Amino acid sequence: MAIYEVFRQEKKGAAFAHAGSVEAPCAEFAEAFAHEQYGRRHESVALWVVPRDAVHEVSAFYDELGKTYHRVDGYSLKEKLRVARERAGTAEDR
Amino acid sequence: MSRVNVQALLRIADDELILGWRDSEWTGIAPSLEEDVAFSSIAQNEIGHARALYELCARELGTTADELAFDRSPDEYECAPLVELRRLDWAHTIARHWLYEEADELRLAALKESDNAEVAGLAAKMDREELYHRLHARMWAERLRGDERFESAVTELYPYALGVLDGDLRAAYSSRVGLSGSEPQTHERGSHSPELASLWEEMTSVRRSVPGATW
Amino acid sequence: MTEAEFLAYVQDGGQVETGDWLPDEYRARLIKFIEMHANSELMGVLPEREWILRAPTLQRKLALTAKVQDEVGHAQLIYRVVEDLGKPRDQSLADLISGKAKFHNVFHYATKTWGDVGVIAWLVDAAAIISQKALLKCSYAPYARIMKKICWEESFHILHGRDVILTLMNGTDEQRELVQEALNRWWGPLMQFHGNPIPADEDPMFVWRIKSQGNEEARQQFLDGYVPQIWELGLTVPDPKLRKVGDVWEYTEPDWDELKHVVTGHGPKTAERLDFRRRMLEQEQWVRDVVLAA
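Residues numbered from 1 in each chain as written. Chains lettered and ligands numbered in written order. Predicted model: local features only at pLDDT ≥ 70, side-chain atom pairs only at ≥ 80, totals over all residues.

**Notes on the overall build of chain B**
Link 1 in the chain: Counting its regular elements, chain B contains ten helices and zero strands.
Link 2 in the chain: Secondary structure elements of chain B occur, N-terminal to C-terminal, as α-α-α-α-α-α-α-α-α-α.
Link 3 in the chain: By its C-alpha atoms, chain B is 50 × 40 × 35 Å across when sized along the principal axes.
Link 4 in the chain: The buried share among the 215 residues of chain B stands at 47%.
Link 5 in the chain: Nonlocal contacts in chain B, meaning residues at least 24 apart in sequence, comprise 76% of its contacts between residues at least 6 apart. (Helix = DSSP H or I, 4+ residues; strand = E, 2+ residues; numbered from the N terminus. Buried ≥ 20, exposed ≤ 12 C-beta atoms within 10 Å, placed from the backbone. Contact = placed C-beta atoms within 7 Å.)

Listed below in structure tokens is the structure:
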């Protein structure tokens, strides 16, 4: 008996999201079980059924030294823009 | 467009109703929780097919689907003996499920060719829902192949399964289930076992408690 | 993280996942609570499934089968959470059958008529949904996540229950009597359902934020939502003291001894239902051995 993780797509175009897991002896049974446990109300248009040990979690993320250079909140342009407009004489038009 | 053959449709409807009733007995007690959910969907589909067929017949007969499903006496049902048998064990349940689905596929294929567009359309819809039933039945039958409990259940139920189909479909059916060559005494439609009477008692007990009421 | 830090974290709304460090007490209480929920879904199926077979119309048969199927599905979701916390499913089922593990009081009682079918789907499910909504913010995230699917599926159960009840109430005198008689029998267990009114801050389930609501709050919510629905149909509640005073419902103190007696395995139907489960599990063990355990 193995655990199979089930990902479901709510409608076409949506991302597949983790929905739960089923216990089954093989992929064929897992798919048949998932079909009804996650689709009997047609709440999903598609499912991915994946053996649990094929799903690898990666969760070691550290931002110790503040890497703001590659995020939008790492840029403050308001003051530079004010100075540039003043130099160009376009400050009044605003 | 040709007229609806009510008796032929009632045979299928009654098969689906009684088999669906039997299959719904497993809701809550199937061998695994995952299987319980899957098999319950199959039971619901069967009742749903019965309902759709009854609705078609009801219009022809000037009655309602519920009256056809519940208000006839046991002798008036047209179901095949296969579906009446009470076999609340998994080997027999899967044996019956597999034998029935293989027969039903042939029967539905013929019904899809009906001259009556409404009947053909309904048969096509039922057939699409049955894809899951067949997948499920074959999956289990393959896993249980060679197991003594399953094989002896198939042997016991095969003569009943033949009775689900009209004569002209039986040769194709025998070879499809790998049992051509054996020529058992077929249990034909037309007579009912005491098991149907017990089932009917329970199935109609609430309905009969206040005759004519709306539930 | 220390236990004190963990407590502060969950009390501040923090959630944890399966692989995170959990204090021993938290883990033990969690497993016991979640397992009792799974057991309840599984045992709740037994009183209801008899009526699938007796449903008086095709529509009711379909709806009731689907409802009971949902409950089995919920049991599956919840046992999976327990398994991922380290307790195998067959161990949970063995503990259920031996009486070591518990299930909710309401599922120890008999169902007698179609009136029970309506009352269970309308009121017992409503009481359960109030508890379940309070679990949506459970500090243990895997359980909170499945509660979302459970609550979504339960929404049709209440409508089905109400539909059955309204149809009966609009029917014959006999049918109305079925409802009143069932309500009279179920009221006691319903009032006991949410448990005795220990203050939330003394309830470990609340302290660890496994539940986000105390027992009395849940019961008051139930009364607020459903007593008006009962009364507007002309039904009576078999408690002469039941009334709302200001913001609070007053009622006859439920029999807490009866509740304890029932959930420790002495309900009217406890032995029979556990025995039935045991027999079916034994009968079909070969299927698990031959096919499902491959």
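Past the structure itself, the notes keep going.
**A short note on the overall build of chain C**
Link 1 in the chain: When you go through chain C residue by residue, the secondary structure sums to twelve helices and two strands.
Link 2 in the chain: The secondary structure elements of chain C, listed N-terminal to C-terminal, are α-α-α-α-α-α-α-α-α-β-β-α-α-α.
Link 3 in the chain: Oriented by its inertia axes, the alpha-carbon framework of chain C measures out at about 60 × 55 × 35 Å.
Link 4 in the chain: Counting only residues that meet the buried cut, chain C has 44% of its 294 residues in that class.

**Thoughts on the confidence of the model for chain C**
Link 1 in the chain: Across chain C, the average pLDDT comes to 95, with 100% of residues at or above 70.
Link 2 in the chain: Model confidence for the complex is summarised by a pTM of 0.94, with the ipTM given as 0.96. (pLDDT = per-residue confidence, 0-100.)

**Things to note about the interface of chain B and chain C**
Link 1 in the chain: Taken together, the contacts link 35 residues of chain B with 35 residues of chain C.
Link 2 in the chain: Of all the secondary structure elements, the ones that give two or more residues to the side of chain B that touches chain C are helix 1 (6-24), helix 2 (33-61), helix 3 (65-70), helix 6 (117-144), helix 9 (194-203) and helix 10 (205-209) of chain B.

**Topic: unusual backbone geometry**
Both trends apply: most residues other than glycine have a negative phi, and most peptide bonds are in trans.
Link 1 in the chain: Unusually for a residue other than glycine, His-42 of chain A sits at a positive phi of about 55 degrees.
Link 2 in the chain: Within the fold, His-42 of chain A resides in the loop between helix 1 (27-37) and strand 3 (46-51).
Link 3 in the chain: Here His-42 of chain A falls in the exposed class, since 6 other C-beta atoms lie within 10 Å of it.
Link 4 in the chain: Positive phi outside glycine occurs at Arg-209 of chain C, with the angle close to 55 degrees.

**A few points about the interface of chain C and chain A**
Link 1 in the chain: Counting residues at the interface gives nine residues for chain C and six residues for chain A.
Link 2 in the chain: The biggest single contributor to the side of chain C that touches chain A is helix 3 (residues 58-84) of chain C, with four residues.

**Considering the sheet that holds strand 3 of chain A**
Working definition: the strands of a sheet are paired by backbone hydrogen bonds and lie parallel or antiparallel to each other.
Residues and elements named next belong to chain A.
Link 1 in the chain: An order of 2-1-3 is seen for the three strands of this open sheet, with the pairing classed as antiparallel. Each end of this open sheet is capped by a strand with a single partner; those strands are strand 2 (16-24) and strand 3. Mean inter-strand twist for the sheet, computed between neighbouring axes without regard to direction, equals 25 degrees.
Link 2 in the chain: Summarising the sheet, strand 1 (residues 2-9) and strand 3 pair through six bridges and their orientation is antiparallel. Each residue of the ladder has a partner; that of Arg-8, found in strand 3, is Leu-47. (Pairing = 2+ DSSP bridges. Axes fitted to C-alpha atoms, helices over the stretch in contact; angles between N-to-C directions.)

**Side note on the packing of helix 5 (residues 90-111) of chain B against helix 6 of chain B**
Residue and element names in this part refer to chain B.
Link 1 in the chain: Two elements in contact, helix 5 and helix 6, have axes separated by 8 Å at closest approach and are oriented at 150 degrees. What the angle tells us is that helix 5 and helix 6 run roughly antiparallel. Both helix 5 and helix 6 take part in a crossing whose hand is left-handed. The segment helix 5 lies against helix 6, with Ile-94, His-97, Trp-98, Glu-101, Asp-104, Glu-105, Leu-108 and Leu-111 engaging Val-119, Ala-123, Met-126, Asp-127, Glu-130, His-133, Arg-134, Ala-137, Trp-140, Ala-141 and Leu-144. (Parallel < 35°, antiparallel > 145°, perpendicular 65-115°, else oblique. Left-handed = near helix turned anticlockwise from the far one by under 90°.)

**A short note on helix 2 (residues 78-88) of chain A**
Link 1 in the chain: Of all eleven residues in helix 2 of chain A, zero are buried, a share of ten percent or less.
Link 2 in the chain: Gly-89 of chain A sits one or two positions beyond helix 2 of chain A and adopts a positive phi of about 75 degrees.

**Here we look at the packing of helix 6 (residues 141-169) of chain C against helix 7 (residues 173-193) of chain C**
All names here are of chain C.
Link 1 in the chain: Remark: helix 6 packs on helix 7, axes separated minimally by 7 Å, with the N-to-C direction vectors making an angle of 135 degrees. Between helix 6 and helix 7, the angle falls in the class oblique. Judged by residue contacts, Ile-165, Leu-168 and Met-169 of helix 6 engage Gln-175, Arg-176, Leu-178 and Val-179 from helix 7.
Link 2 in the chain: In the contact of helix 6 with helix 7, the residues fall into five nonpolar, one polar and one charged. (Nonpolar A, V, L, I, M, F, W, Y, C, P; charged D, E, K, R; others polar.)

**Quick word on the pairing of strand 1 of chain A**
All names here are of chain A.
Link 1 in the chain: Relative to strand 2, strand 1 runs antiparallel, the two being bridged by eight bridges. Each residue of the ladder has a partner; that of Ala-2, found in strand 2, is Ala-24.
Link 2 in the chain: In textbook terms, the turn of a hairpin is the stretch between consecutive antiparallel strands, and for strand 1 and strand 2 this stretch comprises six residues, one of which, Gly-13, has a positive phi near 100 degrees.

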